[in-house]
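So you can see what is in the structure, the chains are spelled out below.
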Amino acid sequence: MTSQVNTAEKPKYSQKSDVLFTKRFIPKPSLTDEQKRDLKNAFGEFDPRGVGLIDSRNFIISLRAMGFEPKCSRIAKFIEQEIGPRGKDFIDFKDYYQLMSTKMLEDDSKAEVKLMFLSMCDEETGVITIDNLVKIADELEENISIEKLREMISFANNGTGKDEVTFDDFVKMMEVPELE
């Protein structure tokens, strides 16, 4: 007797579970060819002599040209975090590419986190509760105890004692490196 899998009845949250494991198993996204060309062209606009360097001020202007609205106070910190002190005065194309791709891909990540949250939260309250997690676990046919789900809620909301996870809690949790 062979068991047949009914592929027509896919659990409601199967796609959502795939998204939850994205951070661990799927490689980071990369820029499209068009985005890469745009970066090369933008760098060229701010390096008209073709010396391969732009100054930090022009980096800020290029961010704005690419549709970002950076705060000057955060730019220096961002550059320091991404490429270190060598980007203080001038930025070469390699560093420019690294900085800009980080910034461009960051926006996509935020959208994905919002999509994950919305797929899990209660539509009426806009928060994730134990009941939401129980329903998701049931639909994924995962046997997770209520106590374990409570621990998940507590971890996500930093142990505030609330029985729910807000969007802000969820974003902070997703920013924590190495959740495995």
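Owing to the predicted nature of the structure, the values given are computational and were not obtained by experimental measurement.

Turning to the pattern of salt bridges, a few remarks are in order. For the structure on display, the rule yields three salt bridges. The shortest N-O distance in the salt bridge between Asp169 and Lys162 comes to 3.1 Å. Residue Lys162 is classed as partly exposed on the basis of its relative accessible area, which comes to 32%.

This part is about the packing of aromatic side chains. Enumeration according to the criterion identifies seven aromatic pairs in this entry. Seen in terms of ring centroids, Phe43 and Tyr96 are 5.1 Å apart; in terms of plane orientation they differ by 55°. Their pairing is tilted. Pair noted here: Phe43 is in helix H3 (residues 33–46) and Tyr96 is in helix H6 (residues 93–120), with a separation of 53 residues, a long-range link. A single burial state applies to Phe43 and to Tyr96, both of which are buried. Ring pairing ties together the aromatic residues Phe43, Phe59, Phe93, Tyr96 and Tyr97, which thus form one cluster.

Looking now at the packing of helix H7 (residues 130–139) against helix H8 (residues 146–156). For the pair H7 and H8, the least separation of the axes is 10 Å and the interaxial angle reads 125°. Classified by the interaxial angle, the pair formed by H7 and H8 is oblique. The crossing of H7 and H8 is right-handed. Every residue of H8 that contacts H7 at Ile130, Leu133 and Val134 is listed here: Ile146, Leu149, Arg150, Met152 and Ile153. Across the contact of H7 with H8, the residue classes tally to seven nonpolar, no polar and one charged.

Most often, soluble globular proteins keep nonpolar side chains buried together rather than apart. Counting residues in hydrophobic clusters, the biggest one holds 20 residues, and the most contacted among them are Ile54, Phe59, Ile79, Ile91, Tyr96, Leu99 and Met100. Of all the secondary-structure elements, those providing two or more residues to this core are H3, helix H4 (56–65), helix H5 (72–83) and H6. A total of five residues in this core trace back to one element, the largest contributor, which is H6. Setting aside anything within four residues of it in sequence, one finds Met100 in contact with Leu39, Phe59, Ser62, Leu63, Met66 and Phe68. Among the nonpolar cores identified, the runner-up in size contains 16 residues, and Met120, Leu149, Val165 and Met173 belong to it.

Its place among the elements puts Lys94 in helix H6. Note on Lys94: relative accessible area 64%, which makes it exposed. For the pair Lys94 and Ile83, spaced 11 residues apart in the sequence, the C-alpha separation amounts to 9.9 Å.

For the rest of this paragraph, the subject is H4. Structural remark: α-helix, 3.6 residues per turn; residues separated by three or four positions point the same way. Along H4, the residues classified as buried are Ser56, Asn58, Phe59, Ile60, Ser62 and Leu63. Of the residues that open H4, the one with a side-chain oxygen 3.2 Å from the backbone nitrogen of Arg57 is Asp55. Where H4 ends, the next residue or the one after it, Gly67, has phi of about 100°, a positive value.

So, about the side chain of Asn157. The topology assignment puts Asn157 in the loop between H8 and strand E4 (164–165). Residue Asn157 is classed as buried on the basis of its relative accessible area, which comes to 1%. Here the side chain of Asn157 touches Lys162 through a polar contact of 3.0 Å, landing on its backbone oxygen. Those residues in contact with Asn157 that lie beyond four places of it in its chain are Lys162, Glu164 and Asp169.

Quick notes on the rules
Residues numbered from 1 in each chain as written. Predicted model: local features only at pLDDT ≥ 70, side-chain atom pairs only at ≥ 80, totals over all residues. Heavy atoms only, no water. Salt bridge = Lys/Arg side-chain N within 4 Å of Asp/Glu carboxyl O. Buried < 20%, exposed > 50% of the residue type's maximum accessible area, 1.4 Å probe, protein only. Phe/Tyr/Trp six-rings, centres within 6.5 Å; stacked < 30°, edge-to-face > 60°. Helix = DSSP H or I, 4+ residues; strand = E, 2+ residues; numbered from the N terminus. Axes fitted to C-alpha atoms, helices over the stretch in contact; angles between N-to-C directions. Parallel < 35°, antiparallel > 145°, perpendicular 65-115°, else oblique. Left-handed = near helix turned anticlockwise from the far one by under 90°. Contact = heavy atoms within 4.5 Å. Nonpolar A, V, L, I, M, F, W, Y, C, P; charged D, E, K, R; others polar. Core = buried A, V, L, I, M, F, W, Y, C linked by side-chain atoms within 4.5 Å. Polar contact = N/O pair within 3.5 Å; in protein donor to acceptor, adjacent residues only side chain to side chain.

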